[in-house]
Amino acid sequence: MTTVKLHDKTFDTYLSSETIQQKVAELAGILNKEYADRRPLFIAILNGSFMFASDLFKHLTIDAEISFIKLASYRGTKSTGRIITAIGLEDDLFDRDVVILEDIVDTGRTLHEFLPKLHHQQPKSLKIVTLLHKAEATQFPIPIDHVGFSIPDKFVVGYGLDYDGLGRNLKEIYQLAEKDIE
Ligand SMILES: O=P(O)(O)OC[C@H]1O[C@H](OP(=O)(O)OP(=O)(O)O)[C@H](O)[C@@H]1O
Ligand SMILES: Nc1nc2[nH]cnc2c(=O)[nH]1
């Protein structure tokens, strides 16, 4: 098993780059069919989703738009449940087919807090696509339409996800090593 050290913690490989890329292509294939002739607007939630959104978007063969917005509710290895900022939502969502792109849904709090703001603008449809979902960690149930990988309730890094700023550049996804779980 490959491990990486970020700050004071060790992480073990969990999903290889090939496994992730295959899943991203599969999700794009589903979206190509679902949104054929509909010109959806993808909204990627920064920072974590930048890599997923970029790879997924390259596989889309339909007419599609993308915007990036910033929300943050997470610090260190435990969710603080704080929504810090919501910057960059400048598109008019009225009557649009909107697809939210997340790297991970953990407690569900981030999207639970944010979805009402989107619904307020009366999109024609609103779907949620997340690469990773920690079903066991759910505290705020939200309707997720497509999940790449259902994962255990362990802190993960890589492929856009960070541990205190580091690890976003890793091509693989890593799990916090057993010995470092508090
Ligand atoms: O379901 P939740 O418990 O709310 O956790 C999920 C959120 O946590 C991550 O973002 P984070 O706040 O870590 O910001 P970042 O993407 O900028 O690192 C992720 O991108 C989600 O937005
Ligand atoms: N890096 C990282 N960010 C998260 N945000 C919510 N859950 C997680 C997680 O497991 N890892």
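Where an unreviewed UniProt entry is consulted, the protein appears under the name Hypoxanthine phosphoribosyltransferase, with the organism given as Flavisolibacter ginsenosidimutans. Taken from UniProt, the Sequence similarities (unreviewed entry) comment for the protein reads in full: "Belongs to the purine/pyrimidine phosphoribosyltransferase family." For the record of the protein, the UniProt heading Subcellular location (unreviewed entry) holds the text "Cytoplasm".

Structural notes on the environment of D63
Topologically, D63 is positioned in the loop between α2 (50-58) and β4 (65-71). Taking the C-alpha atoms as reference points, D63 and A36, separated by 27 residues in sequence, lie 8.0 Å from one another.

Brief notes about the sheet that holds strand β1 (residues 3-6)
Pairing in this open sheet of four strands is antiparallel, and the strands run β1-β2-β12-β11 from one edge to the other. A strand with exactly one partner marks an edge of an open sheet, and here the two such strands are β1 and β11 (156-157). Across two bridges, the pairing between β11 and strand β12 (residues 173-176) is antiparallel. Following the sheet pairing, V156 is matched in β12 by Q175.

Topic: the packing of helix α1 (residues 17-34) against α2
Where α1 meets α2, the axes come as close as 9 Å, and the angle between the chain directions of the two elements is 55°. Classified by the interaxial angle, the pair formed by α1 and α2 is oblique. The two elements α1 and α2 cross, and the hand of that crossing is right-handed. Along the contact surface, α1 presents Q21, V24, L27 and A28, while α2 presents F52, D55 and L56.

Focus on the confidence of the model for the protein
The predicted coordinates should not be examined in detail at positions where pLDDT is low. Considering every residue of the protein, the mean pLDDT works out to 92; 92% of them sit at 70 or more. Model confidence for the complex is summarised by a pTM of 0.94, with the ipTM given as 0.99.

Calculation rules
- Residues numbered from 1 in each chain as written.
- Chains lettered and ligands numbered in written order.
- Predicted model: local features only at pLDDT ≥ 70, side-chain atom pairs only at ≥ 80, totals over all residues.
- UniProt positions renumbered as here; feature names shortened; annotations may be inferred.
- Helix = DSSP H or I, 4+ residues; strand = E, 2+ residues; numbered from the N terminus.
- Pairing = 2+ DSSP bridges.
- Axes fitted to C-alpha atoms, helices over the stretch in contact; angles between N-to-C directions.
- Parallel < 35°, antiparallel > 145°, perpendicular 65-115°, else oblique.
- Left-handed = near helix turned anticlockwise from the far one by under 90°.
- Contact = placed C-beta atoms within 7 Å.
- pLDDT = per-residue confidence, 0-100.

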